[in-house]
Amino acid sequence: MAVKIVLPGAVMTVQDGGRYGYQEAGVQVSGAMDQMSFRNANYLVGNEETEAVLEVTLFGGTLEFTEDTIIAITGADMEPVVDGDPVEMNCPLLIRKGQTLTLGMTRQGCRTYLAFAGGIDVPLVMGSRSTNLKCAFGGYGGRALKAGDVLELGKPKLSFDRVKKRRTKGIETEKIIEVRAVPGPQQEYFTEAGEKAFYSGTYTITDQSDRMGYRLKGPLVESKNGTDIISDAIPLGAVQIPPSGQPIVLLADRQTTGGYAKIAVVCSFDIPKLVQGRPGDKVRFLKTDVKTAQKLYRKQER
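Let us look at the structure shown here. Sequence order sets the numbering: in each chain, residues are counted from 1 along the sequence as written. Under the rules for a predicted model, residues below a pLDDT of 70 receive no local features and side-chain atom pairs below 80 are neither given nor counted, while totals for whole chains, interfaces and linings still include all residues. The side-chain figures draw on all heavy atoms in the structure; neither hydrogens nor water molecules are used.

### Quick word on the sheet that holds strand S17 (residues 248–250)
We call two strands paired when DSSP finds no fewer than two bridges between them. Helix numbering and strand numbering both begin at the N terminus, where a helix is a DSSP run of H or I of at least 4 residues and a strand a DSSP run of E of at least 2. Spatially, the 7 strands close up into a barrel ordered S12-S19-S16-S17-S14-S13-S20, and their pairing is mixed. Going across the sheet, the axis of each strand differs from the next one's by a mean of 40 degrees, ignoring polarity. Where strand S16 (residues 238–240) lies against S17, 2 bridges are found, and the strand directions are antiparallel. For Val239, the partnering residue across the bridge sits in S17 and is Val249. The contact criterion used throughout is that any non-hydrogen atoms of two residues lie within 4.5 Å. To get an axis, a line is fitted to the C-alpha atoms, and for a helix only the part in contact is used. The angle between two axes follows their N-to-C directions and goes from 0 to 180 degrees. Of the strands in this sheet, strand S12 (176–183), strand S13 (203–205), S16, strand S19 (262–266) and strand S20 (282–287) touch helix H3 (residues 192–200), which is tilted by about 120 degrees from S20.

This is the structure we're talking about:
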């Protein structure tokens, strides 16, 4: 089975659960930005939850199917249509040979996930099928998909009858995206006024945001004596404060180490909300502690 890219989306890449175990060598984790929508898409079609899918940003494009295929669409609503007829999201769909799927502009949210029963059959690179755009490897030739590309699909584990009643919850968009964050490893680098500004202020996602990180614009975060540090490890969701005083939240394609102080780290369970934000959307940080964050994480996983 295969699917042909007739018209690619703005940034359409193959992503899976991420490339772990190589950060000490400077290799980014990559993987799906919205891990919840990614896992839901795989569940709907009967895949293992870390199987490779398509991640599409802002605009979807058109795909043609060479065989009958079970798919699922989750994440941002791109108003999907099959041969001109609207179809549902967050449920399994049986697409027939020769049919085309078209995804438009996002109505809400930023990233859409398209899973195929059997997964996308691209080579494993360092244990992952994720595309690393910065280093140009993994996924489909280490790049975003183009018109004419053909993706080979794996063999489905379950029939359509076995999965057709599955449903998942869609994303929820908020006027202001509120994300919980625990204190960062260099919290002491910032003044009381700087910390107050960070947690009480409202920030705007700028158009300089991408898979590496979200650059925010808003209240300045004041430091005591600058924010340069000896480079150390960068976890997912780390909030760096460069000399400008404007926060950068580091995400899937983040560098492995960095030399700016980190005032906070966004909790992993709120990253999906954040990365569905688009340039111009508003963000607020809610301070929490590690113990509370761990309880919330366990609750989500259950």
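Alright, that's what it looks like, and here's the rest.
### Considerations on the environment of Asp207
Mapped onto the elements, Asp207 comes out in the loop between S13 and strand S14 (213–217). Sequence-wise, Asp207 and Glu64 are 143 residues apart; in three dimensions their C-alpha atoms are separated by 31 Å.

### Overview of the packing of aromatic side chains
Aromatic ring pairs are reported here in terms of the distance separating the ring centres and the angle at which the planes meet. Two rings belonging to Phe, Tyr or Trp (six-membered ring only in the last case) form a pair when the distance between their centres is within 6.5 Å. Interplanar angles under 30 degrees mark stacking, angles over 60 mark edge-to-face geometry, and anything in between is tilted. The final tally for this structure, using the stated rule, is 5 aromatic pairs. Residues Phe198 and Tyr199 carry aromatic rings whose centres are separated by 4.8 Å and whose planes lie at 80 degrees to one another, so their mutual orientation is edge-to-face. One exposure class covers both Phe198 and Tyr199, and it is buried. With a centroid separation of 6.1 Å and an interplanar angle of 65 degrees, the aromatic rings of Tyr203 and Phe285 are classed as edge-to-face. Taken together, the residues Tyr203 in strand S13 and Phe285 in strand S20 connect sequence positions 82 residues apart. By relative accessible area, which is 0% here, Tyr203 ends up buried. An aromatic cluster of three or more residues is present, and its members are Phe198, Tyr199, Tyr203 and Phe285. Buried, partly exposed and exposed residues are distinguished by accessible area as a fraction of the type maximum, computed with a 1.4 Å probe on protein chains only: under 20%, between the cut-offs, and over 50%, respectively.

### Some thoughts on unusual backbone geometry
Of note in this structure, Leu58 is not a glycine but carries a positive phi near 65 degrees. Locating Leu58 in the fold gives a position in the loop between strand S3 (53–57) and strand S4 (59–65). Its identity as a non-glycine residue notwithstanding, Met126 has a phi of 55 degrees, on the positive side. Within the secondary structure layout, Met126 lies in the loop between strand S10 (108–116) and strand S11 (150–152).

### Focus on H3
Turning to H3, its buried residues are Gly194, Glu195, Ala197, Phe198 and Tyr199. Structurally, H3 contributes buried residues whose contacts are with S12, S13, S16, S19 and S20.

### A few points about the pattern of salt bridges
Any carboxyl oxygen of Asp or Glu that lies within 4 Å of a side-chain nitrogen of Lys or Arg is treated as forming a salt bridge with it. All told, the structure shown has 16 salt bridges when counted by the stated rule. In this structure, the salt-bridge partner of Asp77 is Arg107, at a minimum N-O distance of 3.2 Å. Pair noted here: Asp77 is in strand S5 (residues 69–77) and Arg107 is in the loop between strand S9 (100–105) and S10, with a separation of 30 residues, a long-range link. For Arg107, a relative accessible area of 54% corresponds to the exposed category. Taking the shortest distance from any N to any O, the salt bridge between Lys273 and Asp270 comes out at 4.0 Å.

Geometric values such as these leave the question of function open.
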